[in-house]
Amino acid sequence: MTTLRQITPIKLNFIAAASIAWSVLLLPPATAVFVIFSKFSLFHPIQSTSGGSSCAIFSQILLCGVVLIIGFLDFECYTVIPTVACSKIALLGQLLHPRQLANSLVHCIMGMIVAWCCAVIIGFRYESLGYPCAQTDSPPQICLNEYQLILLLAGAFVGFSHSVLGVMHNMNYVSFPTVQQYKYLRFKGSLPLVIKCSAIQALYSVRNYIVVYFFLGYIPRVWICKTLSLQMNRYTCSAHTLDSFSGLLDLSLLYHLWLSATFFLFMQYMTLTLFRIFVTEVYSFPVQSSFTEEAFQCLPRVLTDSQTMILKFLALQDLALLSQHSPVRRCEVFSLSQPGGHPHNWNAISKECLSLLTDLTQRLVAYHDTVATNGRAKSLSSGSEKRTSSESSEGFTSPKPTFPLKTPASVFARSFAGGPLTPPTAPFTPDLDSPFASPTLRRLTAPVEQGSPWYGSVQSPHVMRRAPKLWTLHLEQISFCTFTSDRRTCEMLLSAFLSHFKTQKTLDFPIQVKTFLAKRVLIMYLFSKLPEASSQALFADSQAHIWALEGLSYLVQASFSEDQFGVVQTTLPSILSCMLGLQEAVDRHFKLPHASSKPARLSSSMSDSTYKTLRFALRATLKTAIYRITTTFGEHLKAVQMSAEHRKRLQQFLEYKE
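Each value, and the rule that gives it
- Residues numbered from 1 in each chain as written.
- Predicted model: local features only at pLDDT ≥ 70, side-chain atom pairs only at ≥ 80, totals over all residues.
- Heavy atoms only, no water.
- UniProt positions renumbered as here; feature names shortened; annotations may be inferred.
- Disulfide = S-S within 2.5 Å.
- Helix = DSSP H or I, 4+ residues; strand = E, 2+ residues; numbered from the N terminus.
- Buried < 20%, exposed > 50% of the residue type's maximum accessible area, 1.4 Å probe, protein only.
- Patch = residues over 30% accessible without salt bridge, like charges linked within 9 Å, V, L, I, M, F, W, Y side chains within 5 Å.
- Areas by Shrake-Rupley, 256 points an atom, 1.4 Å probe, with all protein chains shown as cover.
- Salt bridge = Lys/Arg side-chain N within 4 Å of Asp/Glu carboxyl O.
- Axes fitted to C-alpha atoms, helices over the stretch in contact; angles between N-to-C directions.
- Parallel < 35°, antiparallel > 145°, perpendicular 65-115°, else oblique.
- Left-handed = near helix turned anticlockwise from the far one by under 90°.
- Contact = heavy atoms within 4.5 Å.

Naming follows an unreviewed UniProt entry, where the protein appears as Nucleoporin NDC1 of Salarias fasciatus. UniProt's Function (unreviewed entry) comment on the protein is quoted here verbatim: "Component of the nuclear pore complex (NPC), which plays a key role in de novo assembly and insertion of NPC in the nuclear envelope. Required for NPC and nuclear envelope assembly, possibly by forming a link between the nuclear envelope membrane and soluble nucleoporins, thereby anchoring the NPC in the membrane." A UniProt comment under Sequence similarities (unreviewed entry) is attached to the protein, and it reads "Belongs to the NDC1 family."

S.K.: Explain the state of the cysteines to me, please; I cannot follow it from the model alone.
M.R.: Linking two cysteines covalently through their sulfur atoms gives a disulfide. Using the criterion set out here, one finds one disulfide in the structure. Linked covalently through their sulfurs, Cys133 and Cys143 form a disulfide whose S-S length is 1.6 Å. Judged by the sign of its S-S torsion, about 120 degrees, the cystine formed by Cys133 and Cys143 is right-handed. Taken as a pair, Cys133 in the loop between β1 (130-132) and β2 (142-144) and Cys143 in strand β2 lie far apart in primary sequence, ten residues in all. Given the relative accessible area of 10%, Cys133 is considered buried.

S.K.: Would you explain a nonpolar patch on the surface in this entry?
M.R.: On the surface, Val211, Val212, Phe215, Leu216, Tyr218, Ile219 and Val222 cluster together into a nonpolar patch covering about 630 Å² of accessible area. Counting only elements with at least two residues in the nonpolar patch, the list comes to α7 (183-216) and α8 (218-228). Examining the composition of the nonpolar patch, we find that four residues originate from one element, α7, more than from any other. With respect to the helices and strands, Val211 occurs in helix α7.

S.K.: Can you help me understand the packing of helix α14 (residues 344-373) against helix α21 (residues 572-589) in this one?
M.R.: Helix-helix packing is described using two parameters, namely the angle between the two axes and the distance between the axes. The interhelical angle for the contact between α14 and α21, taken along N-to-C directions, is 25 degrees, at an axis separation of 9 Å. Our classification of the angle between α14 and α21 gives roughly parallel. For the element pair α14 and α21, the recorded crossing hand is left-handed. Together, Trp346, Leu354, Leu357, Thr358, Leu360, Thr361, Leu364, Val365, Tyr367 and His368 of α14 and Ser574, Ile575, Cys578, Gly581, Leu582, Ala585, Val586, Arg588 and His589 of α21 make up the contact between the two elements.

If you want it as structure tokens, here you go:
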């Protein structure tokens, strides 16, 4: 019997092959447009676009091969769950991954192939890499054609830049459209954006390439000449080397560089757009089948047994659509099996949806607990008796410790402008429980014993506790900042060092401290979390949860009048409890800093940034789903068994106060 794992690659391979075939079919018109723009002359428009050669035909075959490779890479690297780098070091790790390095190398090779094809199509001074040297003695020698060299290197540079930007902007991420359209209409609407993004990115890539070639262009030129035994024409090229201002200010050269880069990026984006359109097309799964051999194709089986994420996303999308627009298929979901009379279809669908929602709730709760345990206790103000909740670097509250940790004012007595006893404006409270906290720091922050002569207030103005000199503190006192999660402590300690040496204007700043501060700045830059990155990573797969919420809520709403056997009523308490628990977890998460701030939308980019706003879509969908159920059942929900906390929250929805 055919299994699910056997049929999934066949369907996905067919989708990839169909998108690549359309890309190959659209390549000749795109090449014709490139020929027109590359050879167009204002005074001789007809003569400039005429002609052809065997090299041009061979270049067209090579371009078809490049499109096939691009389509294969899109199929191998695509994902429906984006990879969100939470820090600069994580992003650097993605860029230096062996698979990504191989991908960048392939893109460089493809860029050089496309650039060579463009050079052959343009002709004139770009046609060959070598030509007979002028004014040379016998035997004749071959000189390097730097115009073709700079075009080939530009193709490699554009390919490498595109590969790097693909990782940084998640170009391999495939999102599903909210509004369903035919493939032709989607491609027609995307074509202007593809052309615009190709031209803009090519412009920036050529700008960066010109700067790099100006400083480092002599390296590949000398290497090519030594490898291929080519000569530099000293009579014609010495005054016009392209790594000079006069050589790079050639407008015709800049235009052809930009046009070739635009053509290469257009091939990339056209193939990617067609693949996205084909792979996200709506697929209708049968709810149930009369034949046992076809049971693996049914919607409940695909939802529960699918190991391929794209297939599971297609099944959830079909579930959301059938729950809204297909009464006949909804009846199949509510039907009972024969013989036995068991609601297998509903049980499988509801179990999988509830499992997805429960998993997201547990992730949010675990993230909240992790952040809360990293909290810090704020110092109590001298004239206030109110309890202040300790906040972590992410903004969560944590329980107040049994005793307050106060930083001695004398530690920073000389670090701030003003009087010798002026306390700092924002005292730090280090995490003494951290395994990286040094014994010296524990001694500094330890409370004063009652028997100590410094216990209580000192009445004499001439008696002052001696503060330790900051420049004589051992590096152990600040080395814990490199690894500790108490970021505010590190910032206060480092600012105290800098403030002291600014006010004292001393020159005995140890070289060890300078080195440490430089390393600390670099480490904080690499390891500090990016804004919103944690929230984006938590909700990266929330499109599946959105469809699960829509499918469940619409099915529960339809069951009020269509469920003849009452199969939904048995799981209604679990559904409501799961949704209300997720609502509470989402509300707590949105109280964090950066969680409620929407990122800027990139209008002129092919990168799909919809994953950055999935948390807002999930919150709106969740609230709408609960309201959909409460408005349908109304006061009948009071008979549903649930916890007191969930019942109180449900009452808010029944009274339209949420």
